[in-house]
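Coordinate analysis (summary)
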Amino acid sequence: MSEKNSEIEKEESENQENEKSTEEQENGNVEETQVSDQVESTEEHTSTEEPEAELDSNNTSEPPKEKEPDGVTKTTEDKETEHPFGAKEAAILKDYKKLSPDELIGELRSLIESNPIQKIKNQVEEIRTEFNNAVKAIKKKDQEKFIEDGGNIDDYKFSLPLKKEFNTVFKEYKEKRSSYYQDLSKDLKANLEKRLELIEELKSLLNVEENINSTYKHFKEIQEKWFECGPIPRDKYNIVWNTYRHHVENFYDFLHLNRKFRDLDFKHNLEEKLKLIDRAESLKDEENINKAFRELQQLHRLWKEEIGPVAKEYREDIWNRFSAATKVIHDKRHEYLKDMEQVFEDNFVKKEKLIEEISSIAEHTKPTHQSWQKSIKKVQGLRDQFFSIGRVPRSKNKELWSSFKEVTRDFNKSKNTFYKDQKKEQHINLEKKLELIKIAEENKESDDHEVVTPLMKKIQNDWKKIGHVPRKDSDTIWKQFKGACNFYFDRLSARKDESNKEEIEHFNKKEDFLKAVSSLKLKGNTDDDIETIKEKINEWKSIGRVPYNKKNIEQKFNKVLDGLFNKMDLDKKDAELIKFENRLSSYDSKDDGQKIQKEEIFINKKINESKDEIRQLENNLGFFQHVDDDNPLVMDVNKNINKHKEDLEVWKAKLKKIRKLRKSIE
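Residues numbered from 1 in each chain as written. Predicted model: local features only at pLDDT ≥ 70, side-chain atom pairs only at ≥ 80, totals over all residues. Heavy atoms only, no water.

This part takes up the overall build of the chain. The helix and strand tally for the chain stands at 21 helices and 0 strands. Counting every position in the chain, which comprises 666 residues, the buried fraction comes to 40%. For the chain, the proportion of contacts with a sequence separation of at least 24, taken over those separated by at least 6, is 80%. Looking at the chain as shown, the accessible area adds up to about 39600 Å², and 48% of this sits on carbon and sulfur atoms. (Helix = DSSP H or I, 4+ residues; strand = E, 2+ residues; numbered from the N terminus. Buried < 20%, exposed > 50% of the residue type's maximum accessible area, 1.4 Å probe, protein only. Contact = heavy atoms within 4.5 Å. Areas by Shrake-Rupley, 256 points an atom, 1.4 Å probe, with all protein chains shown as cover.)

Here it is in structure tokens:
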């Protein structure tokens, strides 16, 4: 091997120097171009890279999410489900907002069982958020019912079995995820050991005595194994990579490859780099600029780490093409980031307005339970809006989040103060209601009904006005108060029933009489039939009054009379007056004075309405002065006028009769 090397040593010496110089240009220029800092610091490779620069220069306004275990960075697989600025475009998420808590638990369990644990973080966080929102809604509804039922907010306790079930499943997810990253950490260390072994193997090639073909083949095998090795701990990457590259250069210097192997290597590397250039140039058509940028980083990693140098005559041209394609993507990304900054500024303004609204709600809330419940719902709605708006500039995030926590804390403090005062008021109300119970208990067996009845009615009204008491006492005192009042009024009712036996007998007679009248058959002679009906009405009146709670029998009798009148060929006015007289017959005492007055007011109203209708129709008729009387429109108007005049006569006749009755009672 040394003899063959000496034959090409002179020629290769110059080529080797040129190759090293050009490689430095290809790889070093990355750091000198406008895109180098992004390519080097944000490469999408695994944890073998230098620490990644954050693509997202802004935090959300929410508290930070969980971090991965120390020493382990996300792999490419992890990042497939994430997107800068919080978008979830790499994985299509379901609309978890439409799922019930039970369904969300099932969905979480299904995700854990059927997907790689490192790929479902966004879905899990989405499910967790929606589950917590659903639990909050259930708790809120339950709390409102608790307060509406008279409970005090300080006594409220909430428990939901579904929450425990969800926490169990979520804990399983956390444990699996933690286990995954622990295993990944072990893999990183194992990969590191493999790479160090390959470096040692590469170093040993300098001392191997074999022909150039075997040595070169051995070298290519080492390179292939190197590229197949997985990621290593980030803090070891630079030193390991630089060591490996140093020994590769030593190998090239020592071996002085002949033109055949060098040209084959250059040709292969040129083909691979042209593929990278084609792909980089096509990225300009990718609509998702962040996706394009991530892929560009990967292309730079391949260019730098996995593909060697090309022939001198191609090096400058292909590098210029690659740099130009890179510049296009970075220019687009720069504009995109400028637009996103404006979006973040707009989000900041929106969130500031929401904070102002929350701040003013407590000041304008009336000191009532209903008003506070409305304010609680409104604040919750504003909070939901706040979290749904999106990110704000990083520099303003901490201040904004502090303001948001402060206004919500102040609102909750005001709300709690109100309900503490409510609790005190409820205890005062309890004392008042206990006093009413004492009065009801002391008077429930009294026989002085003229004095006690108004008293019992008054304390019932007072009870309604007092307001809520502590929930734990509400049912007990209400049953006690209701029992005492019912005891008194049941005794009063029994006493009235005893004193009104005569009225009950009247009711029984009227029931029998009603059955007889219901089966009455008319003779067909109007005058005779009218006389018969009037006799039945007089017989009905002669029976006498019925108990107040049985007076609906009068309505039944009137319906029977209506049926009889409908069977007769009787003038409308006469039929109406006969029925009206029968109805008035039930108003036969001073106790019915209010009913008679209402009836008189109603009749007066109907008289005025009839007059107004007649007047309007007669005015309308004036528009038809030159139209024949047999015109359909004129005939229809005249027909309506006559109908209202007939109704007017009936109402006037009723008014005379009711006024006569009122005077007789007075």
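Turning next to the packing of aromatic side chains. What the rule picks out here adds up to 24 aromatic pairs. On the basis of an interplanar angle of 45° and a centroid distance of 5.8 Å, the ring pair of phenylalanine 170 and tyrosine 173 is categorised as tilted. Here the residue phenylalanine 170 and the residue tyrosine 173 both occupy positions in helix α6 (residues 161–204), the gap between them amounting to 3 residues, near one helical turn. By relative accessible area, tyrosine 173 is classed as buried at 0%. Cluster of aromatic residues (ring-pair linked, three or more members): Phe131, Phe166, Phe170 and Tyr173. Just above the ring of tryptophan 226 sits the side chain of arginine 195; from NZ or CZ to the centre is 4.6 Å. Over the ring of tryptophan 651 we find lysine 654; its NZ or CZ atom is 4.6 Å from the centre of that ring. (Phe/Tyr/Trp six-rings, centres within 6.5 Å; stacked < 30°, edge-to-face > 60°. Lys NZ or Arg CZ within 6 Å of the ring centre and 35° of its normal.)

Overall, the predicted model of the chain reaches an average pLDDT of 77, with 81% of residues at or above 70. Predicted confidence for residues 1–93 stays below pLDDT 50, and this span has 214 contacts to residues more than four positions away or in other chains. (pLDDT = per-residue confidence, 0-100.)

One can describe the packing of helix α11 (residues 312–363) onto helix α13 (residues 394–443) by two numbers: an axis separation of 9 Å at closest approach and a directional angle of 20°. Accordingly, the angle class assigned to the pair α11 and α13 is roughly parallel. As α11 packs across α13, the resulting crossing turns out to be left-handed. Of the residues in α13, those in contact with Glu345, Phe348, Lys351, Glu352, Ile355, Ile358, Ser359, Ile361 and Ala362 of α11 are Lys396, Leu400, Ser403, Phe404, Val407, Thr408, Phe411 and Ser414. (Axes fitted to C-alpha atoms, helices over the stretch in contact; angles between N-to-C directions. Parallel < 35°, antiparallel > 145°, perpendicular 65-115°, else oblique. Left-handed = near helix turned anticlockwise from the far one by under 90°.)

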